[in-house]
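Each chain, written out:
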Amino acid sequence: MTKHSCADTISRFTFDDCAVRGEHVLLDTSYQELLAVHHYPPVVAELLGELCAAACLLAETIKFDGILTLQIRSEGEIPLIMAEATNAQSFRAIARQAQEATSADFSQLFTNGQLVLTIQPRNGEPYRGIVMLDGNSLASSLEAYFKQSEQLETRLWLHSDGQRASGFLLQQLPGDGNSSQWQHLSHMAATLTQEELLTLPRETLLYRLYHEENLRLHPQKPVQFQCTCSRERLENALLSLGENELRDILKERSVIDVNCEFCNRFYSFSEPDVDALLGNSGREQPH
């Protein structure tokens, strides 16, 4: 099996003898495509990799059609960092005002940090959970979130080296009273090294951990970096500004340029574009 044969995939595994599920994700090309859009300091690039891996893992554990967002706001060296993953396993991410971030101390990077998890179904009301950052890593903070907000025993291992990013999740399902088995499975997963998580294919990884367990592997799914921006979405955003403001911008600049922060794609709207946009909006409004 080649180095890249298991990359950019996510897969689920379950145990026949207990109500515990797991997920494994490995990002390679998709992660590098994300980093190619912006030039982040190494510590920010690695945290973005961990955040993307975490978002993909959590999106896979929830049955929904929509977008899951993980966002951290803080007073530290990284004021804002966020990642989004869809139920179809496409993701995007960004960090803002973090070009000077260099600290190896998680608490200094995210001083007074707050973690927000948002689930936005395609049809339905959003769900949002908020928790103060706890511990000295993104993984420990997410574990604390699940313990406080969801009452689910959850363990996560997240690693990134600026080239690849990977994540491993174990979760005890409601109604499983076998705490000793949960402790055993968690203890075994805790022996994972960064090198193993970033380089080993899932079959080898899981065999090393659980070759004595009755483990069931589910099919792999591809994961890709993909921005959800579109001209239509930006048109709706422009309409929200109102005609007067749009006309003022056109007078000043002659064209409205909009840049997507996530993928760095530029969209341009000329005066005829704005005329057509306002005209179409007017015709759609009821009399």
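Computed from a prediction, not measured in an experiment: that's the story for all the values here.

Draft legend 1. Representation of the packing of helix α1 (residues 29-37) against helix α2 (residues 42-61). Two elements in contact, α1 and α2, have axes whose closest approach is 11 Å; the angle formed by their N-to-C orientations is 135 degrees. The orientation of α1 with respect to α2, classified from their angle, is oblique. Note on packing geometry: the crossing formed by α1 with α2 is right-handed. Of α2, the residues touching α1 (which contributes Tyr-31, Leu-34 and Leu-35) are Ala-45, Glu-46, Gly-49 and Cys-52. Broken down by class, the residue content of the contact of α1 with α2 amounts to five nonpolar, one polar and one charged.

Draft legend 2. Region of interest: the pattern of salt bridges. Scanning the entire structure with this criterion turns up eleven salt bridges. Between Arg-216 and Asp-16 there is a salt bridge; the shortest N-O distance is 3.0 Å. Residue Arg-216 is found in strand β10 (residues 215-217), and its partner Asp-16 is found in the loop between β1 (9-15) and β2 (20-27); the two are separated by 200 residues along the sequence. The closest approach of N and O atoms between Arg-92 and Glu-84, which form a salt bridge, is 2.8 Å. Pair check on accessibility: Arg-92 and Glu-84 agree, each one buried.

Draft legend 3. Seen up close, helix α7 (residues 202-210). Considered for burial, the residues of α7 that qualify are Arg-202, Leu-205, Leu-206, Leu-209 and Tyr-210. Seen from one end, α7 has its buried residues packed into an arc of 95 degrees, which puts them on one side. Elements that come into contact with the buried residues of α7 comprise β1, β2, β9 (165-172), α5 (179-189), α6 (194-199) and β10.

Draft legend 4. Structural view of the sheet that holds strand β7 (residues 127-132). Taken in spatial order, the six strands make up an open sheet running β7-β6-β3-β4-β5-β12, and their pairing is mixed. Edge positions in the sheet fall to β7 and β12 (224-225), since each has one partner strand and no second. As defined by bridge partners, strand β6 (residues 114-121) adjoins β7 across six bridges and the pair is classed as antiparallel. The residue of β7 that forms the bridge with Ile-119 is Tyr-127. Against the sheet, α2 makes contact with β3 (66-73), β4 (80-86), β5 (90-96) and β6, and its axis sits at roughly 35 degrees relative to β4, the strand it touches most.

Draft legend 5. Representation of the side chain of Arg-202 within the structure. Locating Arg-202 in the fold gives a position in helix α7. Given the relative accessible area of 10%, Arg-202 is considered buried. A distance of 3.2 Å separates a polar atom in the side chain of Arg-202 from a polar atom in the side chain of Glu-203. A distance of 2.7 Å separates the side chain of Arg-202 from the backbone oxygen of His-218, its partner in a polar contact. Setting aside residues no more than four positions away along its own chain, Arg-202 makes contact with Ser-11, His-24, Leu-217, His-218, Pro-219 and Gln-220.

Draft legend 6. Inspection of the pairing of β2 at higher detail. Judged by how many residues are buried, β2 sits mostly within the fold: eight of eight residues are covered. Sheet topology places β1 next to β2; six bridges connect them, and they run antiparallel. Paired with Phe-13 across the two strands is Gly-22, which belongs to β2. Hairpin remark: β1 followed by β2, antiparallel, with four residues in the connecting loop.

Definitions and cut-offs
- Residues numbered from 1 in each chain as written.
- Predicted model: local features only at pLDDT ≥ 70, side-chain atom pairs only at ≥ 80, totals over all residues.
- Heavy atoms only, no water.
- Axes fitted to C-alpha atoms, helices over the stretch in contact; angles between N-to-C directions.
- Helix = DSSP H or I, 4+ residues; strand = E, 2+ residues; numbered from the N terminus.
- Parallel < 35°, antiparallel > 145°, perpendicular 65-115°, else oblique.
- Left-handed = near helix turned anticlockwise from the far one by under 90°.
- Contact = heavy atoms within 4.5 Å.
- Nonpolar A, V, L, I, M, F, W, Y, C, P; charged D, E, K, R; others polar.
- Salt bridge = Lys/Arg side-chain N within 4 Å of Asp/Glu carboxyl O.
- Buried < 20%, exposed > 50% of the residue type's maximum accessible area, 1.4 Å probe, protein only.
- Arc of directions from axis to C-beta.
- Pairing = 2+ DSSP bridges.
- Polar contact = N/O pair within 3.5 Å; in protein donor to acceptor, adjacent residues only side chain to side chain.

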